[in-house]
Protein chains: 2
Amino acid sequence: MLEQETASPSALERNLIERVCVGDVLARSADLHPDRVAIVDGPRRLRYADFDRQVDRLGHALLGLGLARQDVVAVMARNSIELLLSYFACARAGLVCAPVNLGLRPAEIAWCLRDAGARVLIVEAALSDTARSVLAEAIPSLAHRFQTGDEFDALIASASPEPLEVEIGDRDVVQLLYTSGTTSTPKGVLTSHLAVTMAGLSGALPLHGGPGYTALVALPLFHCAMLNGTVLPLMILGGTLVLTQGFEPRQAATLIESEGVHLMVLLPMMYGLLLADPALRRRSFPTMRRAMYAMAPMPHERLADIHAMFPNADVVLASGQTEFTPATCMQRPEHQWSKSATWGTATAMTRVAVMDEQGRLLPRGQSGELVYRGPQVMNGYLNMPDESLACLRHGWFHSGDVARIDEDGAIWFEDRFKDVIKTGGENVASVEVERCLMAHPEVAEAAVVGLPHPHWGEAITGVVVRRPGSGLDEATLMAHCGVRLAGFKAPKAIVFVAEFPRTGTGKLQKHLIRDQHKDCYQP
Amino acid sequence: MLEQETASPSALERNLIERVCVGDVLARSADLHPDRVAIVDGPRRLRYADFDRQVDRLGHALLGLGLARQDVVAVMARNSIELLLSYFACARAGLVCAPVNLGLRPAEIAWCLRDAGARVLIVEAALSDTARSVLAEAIPSLAHRFQTGDEFDALIASASPEPLEVEIGDRDVVQLLYTSGTTSTPKGVLTSHLAVTMAGLSGALPLHGGPGYTALVALPLFHCAMLNGTVLPLMILGGTLVLTQGFEPRQAATLIESEGVHLMVLLPMMYGLLLADPALRRRSFPTMRRAMYAMAPMPHERLADIHAMFPNADVVLASGQTEFTPATCMQRPEHQWSKSATWGTATAMTRVAVMDEQGRLLPRGQSGELVYRGPQVMNGYLNMPDESLACLRHGWFHSGDVARIDEDGAIWFEDRFKDVIKTGGENVASVEVERCLMAHPEVAEAAVVGLPHPHWGEAITGVVVRRPGSGLDEATLMAHCGVRLAGFKAPKAIVFVAEFPRTGTGKLQKHLIRDQHKDCYQP
């Protein structure tokens, strides 16, 4: 009888065998490549074996504080070994890691920590001033706080290096990332072990790298593009992550060369900085094989300059959102020139389609809302059941983006769904009108919104920041648009402003612009 | 109130968005590559779009028979479009597909169908005689039978081509494959959608192929190596599967050339047939990039010949078992020569370790039982709870193989656990003694077993088939071993036999050999 009982595996033993757990990614790579460098962080280099052991220690230490399954550990840190140790320790301990978006204002961060019910806060020593401002607000759930350096190191050293083995469900939450809130307050996105692991495998597929791949991690790790789209694929392949805190073009160039970087994901403006630096502009970096970019397509001239700098690299755009981590679509190498204006095609585990407002899928070539299916979808927004349900309709995840899909499966973005203007029975993409306004040499920035209008329903309205010193007037700019746009797409009015309302991470807040000018056409 | 209800997704809608389903692999590839050829089967070529539509139709048709979630559909067919249509239709309909192992004898097949409780049997027309023998036995669960050709085509044509959308759990069973039973009756291995999808992603990682990869599928699809290790990775990459029914070297060579095959998995003896064919031996096939092999390592001379035939290919061994589909380890290209005698290193989603009999993990270099962890593990054996539990102990899946892992993570197989002989306090790998016996020029085949012995516990015993015409005797062969093996490893007796007991698929049944000679040392 006793023998029968010992032969039968416990729920934990069974779980350890079959589960999908982000912490296991590190364990497998540490088995295979114990001596390979996993992370380069300034002068510090962390081998996989040591990474693995320290994650076990930190996981034990966090559980030793009395945390329960799925409790939240927030981390306020720039890209660093400490942030990744915390993330994988939480993953292995069944806790939820919430890397704080450092682009948010202290009051917003405090709001997020309260919303998350964070039990622990780990703070990078260099950010202790910001942390003080954050902690000036009440965060009742917070029971423990550790600062990187001696305090954090002691926490790790205090605990056992034995393998940390607790039960973890495939769909348990591993991370909580707050969106920066272009349309509302920040939303906490809950993402599962399964979603992140699928993101890792799917992201590793186009790397063709095998072991030894090296990536530059210059964008913040608190975004899913890095945390799930770069860290996981590289670790699955046993590669090396070279971290920087912010983007400085000469430092990036030095690291690309000294570490032999193969892969990076940058924003278009960062490529601009690399190309604009007189010390770098004629240099070439032959190790780079994938120079990826996010946010928006770049013109061919800019792409040609990037290719000249990285002569052995594919230069491809990836696009995604925190809610469907990290990339729903990516340009295939064979499309990097011919379809450079697209978002690329669906990634390996994502289905992409276009839907009308009645929930019907539309055939190739027709415009509608981009919708997705796949295991990389979030579990939901934290504490926002209505918002969670709102994006899960008709059996698809709703992106809020309007696009069409061409005969090669490439996705042509047209506008944010909320920014499409319905004017006199026509739908107009605000982006197209913005592009026309931006083409005027005296326009520094332009946002196009639809404002309530007694005749048109919504009237297309250009909100414009002039270049310094420009005396550009409404009539001139209207005339500029009149010869370039179809009549129904031309703005009905232009409003000049000094600056735009923006989120902490610098994204335009169109809902506030709409609000500020909503009475523009009222009699 | 009503609006609130319609806004809330049903369980099915939510499932469609987030699930892991083998049927969705096909849907994604059909979206991206509708016109690419998915399957080449003789003169027939099936495009992804048509594959996808026919799978929906067949799935609807199967459910239209009144089948319930997780009911079993058995398929008796050689490699064919029909087999793959059935597999993906079951996957999408939430049914379990059981491709029948055609190496089994009719009575064994009937046993498997009874064990599976199969509701439907789909039979290839050319196998109708075998099917008649199978169906001569009672299979009470079987309610429907379809033969390929007009009957099967009519079944498909009868149903709707609308997308088939039913709820499917990540861990629902998608396939039931029977092992060929080297140690017992066949065991039905239940494998989940998650396991097969992970197998697909993991298998696609080393292909570096991107879209357009073409694979030769010459081994039977009723084994996991093809069904999960070739079909899934290729379909994830939008590649083409070139099917053959059995292996005929000139046909294989013709297809490799005409279809531009990049990948294949063959048994060592099939490479032998390719190399031995006078019409082929000086030919070279430049499109091949991965010439994989299964079962056992090959000597360097044979590898050199294969490299000469496939000059642009990596020649690598993959190893696995149905219970942990399909490959737990695979040689990395950089090891194809230096570690050609190993099983390679762990695959991307598998953790491999070595354990002693007390459940302790052993350090690198020490011998013990190979144990695995990872989501590719089976759900369990059908109707065999004790056997299922027996291989899930101490938080690891027990492979029954004895091996050691070297400093590069490469796995050196030593013996099947059950074939390790415990003799006078020493453990001896039967494989090592067999290798010594086989080295004698007059030995055709050798099996080494431990038999009950009053003094030694188990006595190492050689069971040998002589070459035709040989008069080799026990004393000569004992002397041959005596100078080549340590004393405790040398056989205590040699028994000559005419032939060995084998399974339907030709594997040696050592348990029967042990049984036949168990009284060898009894006084």
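The notes below deal with the structure included here. Bear in mind that the values here come from a model prediction, so they are computed numbers and not experimental data. (Residues numbered from 1 in each chain as written. Chains lettered and ligands numbered in written order. Predicted model: local features only at pLDDT ≥ 70, side-chain atom pairs only at ≥ 80, totals over all residues. Heavy atoms only, no water.)

1. Focus on the pairing of strand β10 (residues 240–243) of chain A
Residue and element names in this part refer to chain A.
Then step 1. Burial along β10 is two-sided: the face carrying T240 and V242 and the face carrying L241 and L243 are both buried.
Then step 2. In the sheet, strand β1 (residues 37–41) pairs with β10 via 3 bridges, with the strands oriented parallel. Counted as the bridge partner of D41 is L243 from β10.
Then step 3. The sheet contact formed by strand β9 (residues 214–217) and β10 spans 4 bridges and is parallel. Bridged to L216 within β10 is V242. (Buried < 20%, exposed > 50% of the residue type's maximum accessible area, 1.4 Å probe, protein only. Helix = DSSP H or I, 4+ residues; strand = E, 2+ residues; numbered from the N terminus. Pairing = 2+ DSSP bridges.)

2. Quick word on the interface of chain B and chain A
Then step 1. Every contact between the two is made by 56 residues of chain B and, on the other side, 55 residues of chain A.
Then step 2. Summed over both sides, the interface of chain B with chain A buries roughly 4,700 Å², with 58% coming from carbon and sulfur.
Then step 3. The interface formed by chain B and chain A includes 6 salt bridges.
Then step 4. Notably, a salt bridge pairs R171 of chain A with D170 of chain B, separated by 2.9 Å at the nearest N-O pair.
Then step 5. Our count for the contact surface shared by chain B and chain A stands at 18 residue pairs in polar contact (both at pLDDT 80 or more).
Then step 6. Residue composition of the side of chain B that touches chain A, grouped by class: 26 nonpolar, 13 polar and 17 charged. (Contact = heavy atoms within 4.5 Å. Buried area = accessible area lost by both parts, 1.4 Å probe. Salt bridge = Lys/Arg side-chain N within 4 Å of Asp/Glu carboxyl O. Polar contact = N/O pair within 3.5 Å; in protein donor to acceptor, adjacent residues only side chain to side chain. Nonpolar A, V, L, I, M, F, W, Y, C, P; charged D, E, K, R; others polar.)

3. Overview of the packing of helix α5 (residues 81–93) of chain A against helix α10 (residues 224–236) of chain A
Residue and element names in this part refer to chain A.
Then step 1. In contact at an axis separation of 13 Å, α5 and α10 are set at 80 degrees when each is read in the N-to-C sense. In this view, α5 runs roughly perpendicular relative to α10, as classed from their interaxial angle. Between α5 and α10, the residues in contact are L84, Y87 and F88 and L227, N228, V231, L232 and M235, respectively.
Then step 2. Residue composition of the contact of α5 with α10, by class: 7 nonpolar, 1 polar and no charged. (Axes fitted to C-alpha atoms, helices over the stretch in contact; angles between N-to-C directions. Parallel < 35°, antiparallel > 145°, perpendicular 65-115°, else oblique.)

4. Regarding the pairing of strand β3 (residues 72–76) of chain B
All names here are of chain B.
Then step 1. Where burial is concerned, most of β3 is hidden: 5 out of the 5 residues are buried.
Then step 2. Taking every second residue as pointing to the same face, both faces of β3 are buried, with V72, A74 and M76 on one and V73 and V75 on the other.
Then step 3. Both β3 and strand β4 (residues 96–99) contribute to a ladder of 4 bridges, which runs parallel. The residue of β4 that forms the bridge with V73 is C97.
Then step 4. Pairing of β3 with strand β5 (residues 120–123), which is carried by 4 bridges, proceeds in the parallel orientation. Each residue of the ladder has a partner; that of M76, found in β5, is V123.

5. What about the relation of the copies chain B and chain A?
Then step 1. For the match of chain B to chain A, the screw axis carries a shift of 0.0 Å, the RMSD comes to 0.2 Å, and the turn is 180 degrees. What the superposition gives is, in effect, a two-fold axis relating one chain to the other. The C-alpha atom lying nearest the rotation axis in chain B is that of H208 of chain B; the distance is 2.3 Å.
Then step 2. Comparing interface residues between copies, 98% of those in chain B also lie at the interface in chain A; the contact surface is shared. (Least-squares fit on C-alpha atoms with pLDDT ≥ 70 in both.)

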